[in-house]
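A structural walkthrough
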Amino acid sequence: MVAPSLRARVRAGMIEEIKTVARRHLDTDGANLSLRAVARDLGMVSSAIYRYFPSRDDLLTALILEAYDALGDAVEAADAAADQADLRGRWLAACRAARAWALAHPAEYALLYGSPVPGYAAPDDTVAPAQRPPVTLVGILRDGLATGRLAPPGEDLSEPLRGDVAELVGLLGMDVPPALLARGMAGWTQLFGLISFELFGRINRALPHRDEYFDHQIGLMADLVGLP
């Protein structure tokens, strides 16, 4: 394997410095990034930064991809570390890992799940990283079906919804009955709703025992999905 050239190493290092400063701006200014402000903090002329990121959107995309991958790493690692035969334990571990990552990286979480950034449209290459947490949760359901420890729900879906969910089944690449995937999606949206309400201050004056409340709620979602 050929080692990167000095020029390539210097460029890679500069890109990392730019992203580090940009993440600091996320902490203070939210997603309202300014390439000029980032360049100023780095001691660069504003035109120089465009050699690394041609636009604000390119820099935002780089930060979004890194954040999705970091969140995906945390969720997947928590699932892998749990007893694979304990479906409920895996579900709870994955949900707790998502919350822990969000609380440790609030600015990055807000970039992913907060208000849309005006004028920014995420490119297609953000789709796969964004799917990693829900794919992990759906993988738990798939494993439960495969081992006979999880039964698909008996209810049927309306025709339009069944078609939509069946399309998602194909997109995720997992053979899961649409009715079960719909329940899993309820758990997924509940998970990020819980995290967002906590992180964005929606329950500041209530529920001081946040860990216990969170565990109670994700347990209810595990019940809904049918995890033993």
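Residues numbered from 1 in each chain as written. Predicted model: local features only at pLDDT ≥ 70, side-chain atom pairs only at ≥ 80, totals over all residues. Heavy atoms only, no water.

1. Here we look at the overall build of the protein chain
The helix and strand inventory of the protein chain stands at ten helices and zero strands. Over its C-alpha atoms, taken along the principal directions, the protein chain stretches across nearly 65 × 50 × 35 Å. Intrachain contacts of the protein chain at a sequence separation of at least 6 include 72% that bridge at least 24 residues. When the accessible area of the protein chain is evaluated, it comes to approximately 12,100 Å², of which 57% is carbon and sulfur surface. Put simply, the protein chain has 22 plus and 29 minus side-chain charges, and the middle of one group is 7 Å from the middle of the other. (Helix = DSSP H or I, 4+ residues; strand = E, 2+ residues; numbered from the N terminus. Contact = heavy atoms within 4.5 Å. Areas by Shrake-Rupley, 256 points an atom, 1.4 Å probe, with all protein chains shown as cover. Lys, Arg positive; Asp, Glu negative; His and termini not counted. Charge placed at Lys NZ, Arg CZ, Asp CG, Glu CD.)

2. Re the domain arrangement of the protein chain
Once the domains are mapped, the protein chain shows domain 1 (1-54) and domain 2 (61-225). The C-alpha centroid of domain 2 is placed 31 Å from the C-alpha centroid of domain 1. Each side of the interface is counted separately: domain 1 has nine residues, and domain 2 has seven residues. In total, domain 1 and domain 2 occlude about 680 Å² of area from one another, counting both sides; carbon and sulfur atoms represent 71% of this. On inspection of domain 1 and its partner domain 2, the count reaches two salt bridges. Salt-bridge contacts for Glu66 lead to Lys19; the nearest nitrogen and oxygen are separated by 2.4 Å. One can count two residue pairs in polar contact (both at pLDDT 80 or more) joining domain 1 with domain 2. Tallied by class, residues from the side of domain 1 that touches domain 2 come to five nonpolar, no polar and four charged. (Domains from an automatic or database assignment. Buried area = accessible area lost by both parts, 1.4 Å probe. Salt bridge = Lys/Arg side-chain N within 4 Å of Asp/Glu carboxyl O. Polar contact = N/O pair within 3.5 Å; in protein donor to acceptor, adjacent residues only side chain to side chain. Nonpolar A, V, L, I, M, F, W, Y, C, P; charged D, E, K, R; others polar.)

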